[in-house]
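An overview of the molecular structure
Residues per chain are reported as follows:
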Amino acid sequence: MLESVSRVRDQVIAPDHAEVANRFLKLEAAYRSHEDLISVGAYKTGADPDVDAALELRPAMLSFLRQGASDHASLNESCAQLARLAVQSATPRNGGGS
């Protein structure tokens with residue numbers, strides 16, 4: 001996913017959509033950059049706010065990325081779901097993570 005962002009993406013999507021998509025990609029990148037530490041339990045919550053948010057939202061993020069053959073969502077529904085994830089990632093949390 002991180003490797004497949006189109007060079008023309010920002011020319012074909014709305015600026016608000018690009019903003020929330022960028023936030024999602026930032027969280028995914030943060031998770032991946034710490035994935036080894038996370039998988040062995042060595043990541044300490046609080047070390048990186050983006051990793052903390054990515055850990056907390058991981059199930060929702062994976063759900064957003066995975067669509068079953070019988071699942072259907074319009075572009076507007078997908079954009080709204082992505083925006084909700086971006087808002088949740090920016091909301092202060094009480095702990096969370098691993």
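The helix and strand inventory of the protein stands at 5 helices and 0 strands. From first element to last, N terminus to C terminus, the protein shows the α and β order α-α-α-α-α. Here the protein holds 98 residues, and 28% of them are scored as buried. Within the protein, residue pairs in contact and separated by at least 24 positions form 62% of the contacts whose partners lie at least 6 positions apart. Taken as a whole, the protein presents about 6,500 Å² of accessible surface, with 53% of it coming from carbon and sulfur.

Once that is clear, we can look at the nonpolar core. In this structure, Leu-27, Ile-38, Val-51 and Leu-55 are the most contacted members of the largest nonpolar core, which totals 17 residues. Elements represented by at least two residues in this core include exactly α2 (15-33), α4 (49-65) and α5 (75-90). Residue contacts for Leu-27: discarding those within four places in its chain leaves Asp-50, Ala-53, Ala-54, Leu-57, Met-61 and Ser-89.

What follows covers the environment of Ser-78. Tracing the backbone through its elements, the reader meets Ser-78 in helix α5. Each C-alpha atom of the pair Ser-78 and Phe-64 lies 8.2 Å from the other, and the pair is 14 residues apart in sequence. Setting aside its immediate chain neighbours within four residues, Ser-78 contacts Phe-64 and Ala-73.

Definitions and limits used
Residues numbered from 1 in each chain as written. Predicted model: local features only at pLDDT ≥ 70, side-chain atom pairs only at ≥ 80, totals over all residues. Heavy atoms only, no water. Helix = DSSP H or I, 4+ residues; strand = E, 2+ residues; numbered from the N terminus. Buried < 20%, exposed > 50% of the residue type's maximum accessible area, 1.4 Å probe, protein only. Contact = heavy atoms within 4.5 Å. Areas by Shrake-Rupley, 256 points an atom, 1.4 Å probe, with all protein chains shown as cover. Core = buried A, V, L, I, M, F, W, Y, C linked by side-chain atoms within 4.5 Å.

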